[in-house]
Amino acid sequence: MAGATDTRGLWREYRRTGAKELRDRLIVMYSPLVKYVAGRLGSGLPAHVDEGDLVSYGLLGLIGAIERYDPDRDIKFETYAIARIRGSIIDELRALDWVPRSVRSRAREIERAIAALEARLGRAPTDEEIASRVGVTVEELEESLTDIARSSIAALDELWSVSGEGDQVSLLDTLEDPDSVRPADALDETELREILGDAISRLPEREKLVITLYYYEELTLREIGEVLGVTESRISQLHTKAILRLKARLAGAAARA
């Protein structure tokens, strides 16, 4: 990537002229961001979703970010672009309606079961308690978590939408429930981050470890499995369960707001 001074000069010249060749130089310069985001999202998607398609969807987001970005704003371009790239990919996937209705329904059912049990028990419910509440066996619950993991993009910074510009995409939109309260509508971003931080701290230890290694240490699910000595599919189940717990906690907080 070009030096900081060169990059600032390129941005200033592009903002001044809007020249296509300068825009193309910026696209090439920042294209690794698209590959990075596509790779992160692609790791949890069904096998039939081609990473090349994700890259092409993300490229649209990068171009939009370059055209809209104001270098004078107090935000790094990379931060701004990654949010738009991710949003562009998720928008395209949602337009293809690739999440089966049955999977959406089961995800909502598990999330609601977790919320009801936490409210009653005052702690994180066990797999046995969640399965009993949903009316399935623990094995069937694990199968459902695997199905949800394969067709859900579950990232912490997608639990809410912080702007109407498409800079962030809410996880709640990917598993849309018209009857639910959306945290972004009831809580501001600072409150959400505080509630989310508290919710993560209260996760069962293994789920908390998976969340920490995946989002903060940026290990892949496979790498986390190697660290913990379990299969990638088991890590995927733990990750999905943790996200549903966090969603339930946020939805509960929004309902009380």
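Residues numbered from 1 in each chain as written. Predicted model: local features only at pLDDT ≥ 70, side-chain atom pairs only at ≥ 80, totals over all residues. Heavy atoms only, no water.

### Observations concerning a negative patch on the surface
1) Next: A surface patch of like charges, here negative, comprises Glu139, Glu140, Glu143 and Asp147.
2) Next: As for its position among the elements, Glu143 is in helix 7 (residues 138–150). (Patch = residues over 30% accessible without salt bridge, like charges linked within 9 Å, V, L, I, M, F, W, Y side chains within 5 Å. Areas by Shrake-Rupley, 256 points an atom, 1.4 Å probe, with all protein chains shown as cover. Salt bridge = Lys/Arg side-chain N within 4 Å of Asp/Glu carboxyl O. Lys, Arg positive; Asp, Glu negative; His and termini not counted. Charge placed at Lys NZ, Arg CZ, Asp CG, Glu CD. Helix = DSSP H or I, 4+ residues; strand = E, 2+ residues; numbered from the N terminus.)

### Some words on the nonpolar core
1) Next: Trp11, Tyr30, Leu62, Ile66, Phe77, Ile85 and Ile89 are the most contacted members of the largest nonpolar core, which totals 29 residues.
2) Next: Broken down by secondary-structure element, the contributors of at least two residues to this core are helix 1 (4–17), helix 2 (20–42), helix 3 (51–68) and helix 4 (77–95).
3) Next: Looking at this core, the element that brings in the most residues is helix 2, giving ten residues.
4) Next: With sequence-adjacent residues up to four places away left out, Phe77 is seen in contact with Trp11, Tyr30, Leu62, Ala65, Ile66 and Tyr69.
5) Next: Tyr214, Ile224, Leu238 and Leu250 belong to the second-largest nonpolar core, a separate cluster that totals 19 residues. (Core = buried A, V, L, I, M, F, W, Y, C linked by side-chain atoms within 4.5 Å. Buried < 20%, exposed > 50% of the residue type's maximum accessible area, 1.4 Å probe, protein only. Contact = heavy atoms within 4.5 Å.)

### Some points on the packing of aromatic side chains
1) Next: The final tally for this structure, using the stated rule, is seven aromatic pairs.
2) Next: Judged by centre distance (6.2 Å) and plane angle (40°), the ring pair of Trp11 and Tyr30 falls under tilted. Of this pair, Trp11 sits in helix 1 while Tyr30 is found in helix 2, placing the two residues 19 residues apart along the sequence. Take Trp11 and Tyr30: they sit in the same class, and that class is buried.
3) Next: Each residue in the set Trp11, Tyr14, Tyr30, Tyr69, Phe77 and Tyr80 is aromatic and connected to the rest through ring pairs, giving one cluster. (Phe/Tyr/Trp six-rings, centres within 6.5 Å; stacked < 30°, edge-to-face > 60°.)

### Observations concerning helix 12 (residues 221–228)
1) Next: Residues of helix 12 that are buried: Leu221, Ile224 and Gly225. Projected onto a plane normal to the axis of helix 12, the buried residues spread over an arc of 105° and lie on a single side. Away from its buried face, by an angle of more than 90 degrees, helix 12 presents the exposed residues Arg222, Glu226 and Val227.
2) Next: Of the residues flanking the end of helix 12, it is Gly229, one or two places downstream, whose phi is positive at about 75°. (Arc of directions from axis to C-beta.)

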